[in-house]
Amino acid sequence: MFKSLAGRALIPVGLAVTGFVVVCFFLLYAAIKNIVTRDSISHAANLADTVLKSTHYAMLKSDRETLGSIIHNISEQKGVEHIRIFNKSGMVNASSRPEEIGRQVDKRSEGCINCHQSSVPSTRLGTMEQARRYSNSSGIDVMAITVPIYNEPQCSNAACHVHLPSQKVLGTLDIGLSQTVTVATLASIRNQMFIFTIMVLVVTIGGVTALLRRNVFLPMQKLEELTEKAETGKELPSVPSRLPRELDRIAKSYYNLNQKLHRTEQELSAAHGIGTTPATADSSR
Amino acid sequence: MPQQEDNLTSADSATAEGAVEKRRQELEQEINRLKRFSNRGLWACSTFLIVCMLAWRGFPLLPLPDLIIASLGAPPPPNVISMVLLLYTFSAIILSLSRLMGNIEHKSSFSHVGYLTGFFLFYHIAKALDDNYWAVFGAGITILGVESYRIWSFCSEQITVVSEQLAYISRTGRLPLEEPNSAQLP
């Protein structure tokens, strides 16, 4: 296989094309996944911002009933897994799951560690750093985003409950969105890309193979048959037709050479026949 | 005088025999060298697979990406690394096919293992190795596969040429005629 003309011509091309297309497939899929994930995080960040703006007045007035109602209504929306509001010390003040209210969260846990990894917690994080992914107890992929609730002049000046103006972050909002649709979309894109890649490979390698067979391998086979016929010592009937120019030239040269060889052999045998007749005659005398 | 001529002739033939023997040894050494060289691609592939195993485990011997970022600074974004990987794969394949076409002896396999390890490390530090592992793996297998084939086919061809020369020496006891394309041989 490696020694034949077909093997030598097709193996490197096949390997290079297949490998390059596969690399492109993986890189393109990684880029698409990155874009889809960014979109998903951006969507979660917008929703978190909407929740913060919706609950702003209720929090300012310390109206826990309205706050709970808003959070409950938003969490009813399709794809929202959870909404929690933590105070500064990490206790759940409001949640879409009432059983979580009053629970303390570990600051070293995922989602908190990004800000709390040093003794002085970070107050600013990029949108991508605020997001985390995990599978919840039901096995659903969740994209959660934690956004800080910043202190504002209205908060520190409010008469109802006082926050010090120096306190930058009052608490955090944690919102989790189901990734089921995103995962399904990515799987669909991956399958379509896989089928597309296979089709490109089949067309490319099939096309190269077909062209090589039509233009190189079959004419070479005809040439091989011609030389095999010549080896048997018989006179060649004709030159194979419809060969590519270069191979046609070789075939014609070989044919002409074979014809000359046959003529010379005939002349030699004729001369030998003429030469031997008198000698035979002489010897018979 | 005739005795002197006889001495000269025997000295010449001894020199010629010595040259033939030297050439035979050179050719045998060359065959051994080519046989060793033809395995170079496979050694490079094996080394790359070891690097792949380390990358799969997240380079356990290296410090954590955050520590590397703290000491060396932020790595390039993953999409920039991917663009460079794509360009590198394309160039490496074209270069390898050109060398295959030109029947050029070039020892480049292990340098590719180095470049590919670099890509693994950059993705690892940029925390994007999970998404791009198979891309680097595919690129490595393709480039090293084409390189291995190129080196193997070059060596096979050269071993045939050298073996023919060796057979000529054994058959005739004379130095073989140099072929026009055997300039790379010793």
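Before reading further, recall that the structure is shown in the block above.
Residues numbered from 1 in each chain as written. Chains lettered and ligands numbered in written order. Predicted model: local features only at pLDDT ≥ 70, side-chain atom pairs only at ≥ 80, totals over all residues. Heavy atoms only, no water.

This part takes up the interface of chain A and chain B. Counting from both sides, the interface comprises 16 residues of chain A and, opposite them, 22 residues of chain B. Counting each side, the surface lost to burial between chain A and chain B is near 1600 Å², with a carbon and sulfur contribution of 78%. In terms of surface lost to chain B, no three residues of chain A exceed Phe20, Val23 and Leu27 of chain A, which account for 32% of the buried area on that side. Counting every contact that joins chain A to chain B gives two salt bridges. Between the two partners, chain A and chain B, sit one residue pair in polar contact (both at pLDDT 80 or more). Here the side of chain A that touches chain B is composed, by residue class, of 11 nonpolar, two polar and three charged. (Contact = heavy atoms within 4.5 Å. Buried area = accessible area lost by both parts, 1.4 Å probe. Salt bridge = Lys/Arg side-chain N within 4 Å of Asp/Glu carboxyl O. Polar contact = N/O pair within 3.5 Å; in protein donor to acceptor, adjacent residues only side chain to side chain. Nonpolar A, V, L, I, M, F, W, Y, C, P; charged D, E, K, R; others polar.)

Residues and elements named next belong to chain A. For the structure shown, the criterion picks out 12 salt bridges over all chains. When the shortest N-O distance is used, the salt bridge between aspartate 174 and arginine 132 registers 3.1 Å. Of this pair, aspartate 174 sits in strand β5 (residues 169-178) while arginine 132 sits in strand β3 (residues 131-135); the two residues are 42 residues apart in sequence, bridging distant segments of the chain. Like arginine 132, aspartate 174 is buried. (Helix = DSSP H or I, 4+ residues; strand = E, 2+ residues; numbered from the N terminus. Buried < 20%, exposed > 50% of the residue type's maximum accessible area, 1.4 Å probe, protein only.)

What follows is about helix α2 (residues 64-75) of chain A. All names here are of chain A. Here α2 is 12 residues long and its end C-alpha atoms lie 16 Å apart, about the 16 Å a rise of 1.5 Å per residue gives. If you check which residues of α2 are buried, you get Leu67, Ile70, Ile71, Ile74 and Ser75. Down the axis of α2, the buried side of the element spans an arc of 130 degrees, and every buried residue falls inside it. Along α2, the residues that are exposed and aim more than 90 degrees away from the buried face are Glu65 and Asn73. The inward-facing, buried residues of α2 contact α1 (5-60), β1 (80-87) and β2 (92-95). (Expected span 1.5 Å × (residues − 1). Arc of directions from axis to C-beta.)

It is worth spelling out the pairing of strand β4 (residues 141-150) of chain A at this point. All names here are of chain A. Judged by how many residues are buried, β4 sits mostly within the fold: eight of 10 residues are covered. Across five bridges, the pairing between β3 and β4 is antiparallel. Bridge pairing in β4 links arginine 132 to alanine 144. Linking two consecutive strands that pair antiparallel, namely β3 and β4, is a turn of five residues; a positive phi of about 80 degrees is found at glycine 139 within it. (Pairing = 2+ DSSP bridges.)

Residue and element names in this part refer to chain B. Relative orientation of the contacting elements helix α4 (residues 78-102) and helix α5 (residues 109-125) amounts to 165 degrees, with a least axis distance of 10 Å. Put simply, α4 runs roughly antiparallel to α5. Seen from above, α4 lies across α5 with left-handed handedness. Taken together, the residues of α5 that come into contact with α4 (itself represented by Pro78, Ile81, Ser82, Val84, Leu85, Tyr88 and Ala92) are His112, Tyr115, Leu116, Phe119, Phe122 and Tyr123. (Axes fitted to C-alpha atoms, helices over the stretch in contact; angles between N-to-C directions. Parallel < 35°, antiparallel > 145°, perpendicular 65-115°, else oblique. Left-handed = near helix turned anticlockwise from the far one by under 90°.)

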